[in-house]
Amino acid sequence: MTFQDLNLNTPLYNALDDLGFTTPTPIQEESFSVVASGKDVVGIAQTGTGKTLAYMLPILRNLKFSKQDNPRVLVLVPTRELVVQVVSEIEKFSKYINNRVLGVYGGTNINTQKQAVAQGQDIIVATPGRLYDLAVSRVLQLKSIQKLVIDEVDVMLDLGFRHQLMNIFDILPQRRQNIMYSATMTKDVDDLITDFFTNPTKISIAVSGTPLENIKQERYNVPNFYTKVNLLEHLLHDKDVFSKVLIFVAYKKMADRLFDKLEALFPNESCVIHSNKTQNYRLRSIEQFREGENRLLVATDVMARGLDIEGVSHVINFDTPDYPENYMHRIGRTGRAEQEGHSILLSTEKEQEGLERIEHLMQMSITTLAIPEHVEISTELIEEERPQIRERNNPTKRRDEDAPGPAFHEKSEKNSKENLGGSYRREIAKKYKKPKTRGDKNYNRRNKK
Ligand code: AMP
């Protein structure tokens, strides 16, 4: 496929020609018609796969010339560096299009940005905090936004921007197209999609399903969290073999929970990174792990993205990722620089589907090992593993035939009592024969004599 196969226009073809781009990347090929259709879109693709052009090409193709001042496209990215990069990309593609693009981010003078906004813009690229400040100041009107792009959404959520995003969603027009790109699919990302997207089309550019040959992969079927901890304790006792171990978990709460357990089992040998930790804490954890001061590092998927640490002896997948791409990202942290690497995957009954997806992507099955005999199989369950009790009959929900008729009957004796208010106080007063409120000014006076 070439760009000629996409339904572009001359200004865009000319810009692409100038840049020397001839063939769309896989994410561009898959995104074009879906983004152009106006449907909500969720794309899973990493930086460097050409995703900026993947959403900008169809947007620019359909953005009509307009003199109106209020922007129609909003692109949110997690960092100011990305704002600058995305603006510069858009400017290159818009070389022959008459549109106005502005990047805004925090940490710089807001007044200069207000002036630029006031001049009228078509596309705004922003970090969430600064965008919200500008919107609240009323200089930036969001009522004409037709398309919202959230780029690197996993990083954004991991940096704690969820709340900011909620605030922005609140002030955006209800009728809009949501377009989102993320490198990994995490629980937070999934929750956001469920809450705010309307039946989105998902596009996933599969990470290569061919694992490095020098990574030895093994797995265990383990019934629950506590048994996973017992198994881990057994394995990690061999400090010579398990010399530098990166342990992946899906979310922050689990990271903290596991870290606490490991600290108790192997004091001063472990560290943890997830986004609720401060930047300094995270850097220190990584440094300690890198330098070998700590043998064990517990990490969430996003935080460990792109971590290039030498000599990781084992990657342990404490849980089984739902999305096989995440597994590929994880195991790629070991076996670097052609050293031998090991990966161990722990799966519960519930995680078997995830396991199947991983094996399907790799087109191979992972060697299954039996849990060693003396590892205790726990029956205790953590909160998330306990069965969720759902009441089928909602007693407060009326069926039609139960609907009340007109109120023609007398009230029952109980219900016809006059409401005197403050019944609790009256009860207490009866019992103790004195006011229980602190503010009774007359109490001391009355009781003086
Ligand atoms: P991105 O993933 O959007 O950060 O893009 C990565 C790099 O690839 C950027 O420098 C783009 O300019 C470049 N790029 C994007 N699409 C193409 C393409 N179809 N052909 C060649 N280079 C591209």
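Small disclaimer: the values here were computed from a predicted structure and weren't measured.

*Asks:* When you look at the pattern of salt bridges in this model, what are you seeing that I'm missing?
*Replies:* Oppositely charged side chains are able to pair whenever their charged atoms sit close together. For the structure on display, the rule yields 20 salt bridges. Where Arg 290 meets Glu 287, a salt bridge forms, and the shortest distance between an N and an O atom there is 3.6 Å. Pair noted here: Arg 290 and Glu 287 are both in helix H12 (residues 279-290), with a separation of three residues, about one helical turn. Salt bridges here are not isolated pairs; linked through shared partners, they connect Lys 253, Arg 257, Glu 383 and Glu 384.

*Asks:* Is there a simple way to explain the UniProt feature "domain: DEAD-box RNA helicase Q" (unreviewed entry) in the protein chain in this structure?
*Replies:* With numbering matched to this structure, UniProt assigns "domain: DEAD-box RNA helicase Q" (unreviewed entry) to residues 1-29. Secondary structure within residues 1-29 divides into 48% helix and 0% strand; the distance between the first and last C-alpha atoms comes to 8 Å.

*Asks:* Would you take a moment to explain the site of the ligand for this structure?
*Replies:* Taken together, the neighbourhood of the ligand is formed by 15 residues, with Thr 23, Gln 28, Gly 48, Gly 50 and Thr 52 sitting nearest. Taking Gln 28, its side chain carries an N or O atom lying 2.7 Å from a nitrogen atom of the ligand. Side-chain polar atom of Thr 52 to an oxygen atom of the ligand: 2.6 Å apart, as the coordinates give it. When isolated, the ligand has an accessible area of 490 Å², and the protein chains bury 73% of it. Secondary structure elements with two or more residues in the shell around the ligand: helix H3 (51-62) and helix H4 (80-93).

*Asks:* Whenever I open this one, the packing of aromatic side chains confuses me. Can you help?
*Replies:* We describe a pair of aromatic rings using the distance from one ring centre to the other and the angle between the two ring planes. Following the criterion strictly, the structure yields four aromatic pairs and no others. Seen in terms of ring centroids, Tyr 55 and Tyr 181 are 5.6 Å apart; in terms of plane orientation they differ by 40 degrees. Their pairing is tilted. Placement of Tyr 55 in helix H3 and of Tyr 181 in strand E6 (residues 177-182) is noted, with a sequence separation of 126 residues between them. For Tyr 55, a relative accessible area of 0% translates into the label buried. Linked through ring pairs, Phe 225, Tyr 226 and Phe 318 together constitute an aromatic cluster. The positively charged end of Lys 228 is found above the aromatic ring belonging to Phe 318, 5.4 Å away from the centroid. It is Arg 295 that lies over the ring of Phe 266; its NZ or CZ is 5.4 Å from the centre.

*Asks:* When you look at the sheet that holds strand E4 (residues 123-126) in this model, what are you seeing that I'm missing?
*Replies:* For sheets, the rule is that strands pair by backbone hydrogen bonds, running either parallel or antiparallel. A sheet is described by the order of its strands in space; here seven strands give the open sequence E3-E4-E2-E5-E6-E1-E7, paired in parallel fashion. The sheet terminates laterally at strand E3 (101-104) and strand E7 (201-204), the two strands that pair on one side only. Each strand of the sheet is rotated relative to its neighbour by a mean of 15 degrees, with strand direction disregarded. By the bridge criterion, four bridges tie strand E2 (residues 73-76) to strand E5 (residues 147-150) in an arrangement that is parallel. Paired with Val 75 across the two strands is Val 149, which belongs to E5. Relative to the sheet, H3 contacts E2, E4, E5 and E6, its axis offset from that of E6 by approximately 165 degrees.

*Asks:* Can you walk me through the nonpolar core in this structure?
*Replies:* Considering soluble globular proteins, one finds that nonpolar side chains tend to be buried as a cluster. In this structure, Leu 8, Leu 57, Val 75, Ile 123 and Val 125 are the most contacted members of the largest nonpolar core, which totals 38 residues. For this core, the elements supplying multiple residues, two or more each, are helix H1 (10-19), helix H2 (26-37), H3, E2, H4, E4 and E6. If we skip the residues at most four places from it in the chain, Val 125 touches Val 75, Val 77, Val 83, Val 86, Val 87, Ile 90, Val 101, Leu 102, Gly 103 and Val 104. In this structure, Ala 135, Ile 145, Phe 161 and Ile 193 belong to the second largest nonpolar core, which totals 33 residues.

*Asks:* Hey, could you run me through the packing of H3 against H4 in this one?
*Replies:* The description of two packed helices rests on the angle between their axes and on the distance between the axes. For the pair H3 and H4, the least separation of the axes is 11 Å and the interaxial angle reads 45 degrees. The angle between H3 and H4 places the two elements in the oblique class. Judged by the sense of rotation from one axis to the other, the crossing of H3 with H4 is right-handed. Facing H3, whose interface residues are Thr 52, Leu 53, Tyr 55, Met 56 and Leu 60, H4 presents Val 86, Glu 89, Ile 90 and Phe 93. Among the residues forming the contact of H3 with H4, the class breakdown is seven nonpolar, one polar and one charged.

Thresholds applied
Residues numbered from 1 in each chain as written. Predicted model: local features only at pLDDT ≥ 70, side-chain atom pairs only at ≥ 80, totals over all residues. Heavy atoms only, no water. Salt bridge = Lys/Arg side-chain N within 4 Å of Asp/Glu carboxyl O. Helix = DSSP H or I, 4+ residues; strand = E, 2+ residues; numbered from the N terminus. UniProt positions renumbered as here; feature names shortened; annotations may be inferred. Near = heavy atom within 4 Å. Polar contact = N/O pair within 3.5 Å; in protein donor to acceptor, adjacent residues only side chain to side chain. Areas by Shrake-Rupley, 256 points an atom, 1.4 Å probe, with all protein chains shown as cover. Phe/Tyr/Trp six-rings, centres within 6.5 Å; stacked < 30°, edge-to-face > 60°. Buried < 20%, exposed > 50% of the residue type's maximum accessible area, 1.4 Å probe, protein only. Lys NZ or Arg CZ within 6 Å of the ring centre and 35° of its normal. Pairing = 2+ DSSP bridges. Axes fitted to C-alpha atoms, helices over the stretch in contact; angles between N-to-C directions. Contact = heavy atoms within 4.5 Å. Core = buried A, V, L, I, M, F, W, Y, C linked by side-chain atoms within 4.5 Å. Parallel < 35°, antiparallel > 145°, perpendicular 65-115°, else oblique. Left-handed = near helix turned anticlockwise from the far one by under 90°. Nonpolar A, V, L, I, M, F, W, Y, C, P; charged D, E, K, R; others polar.

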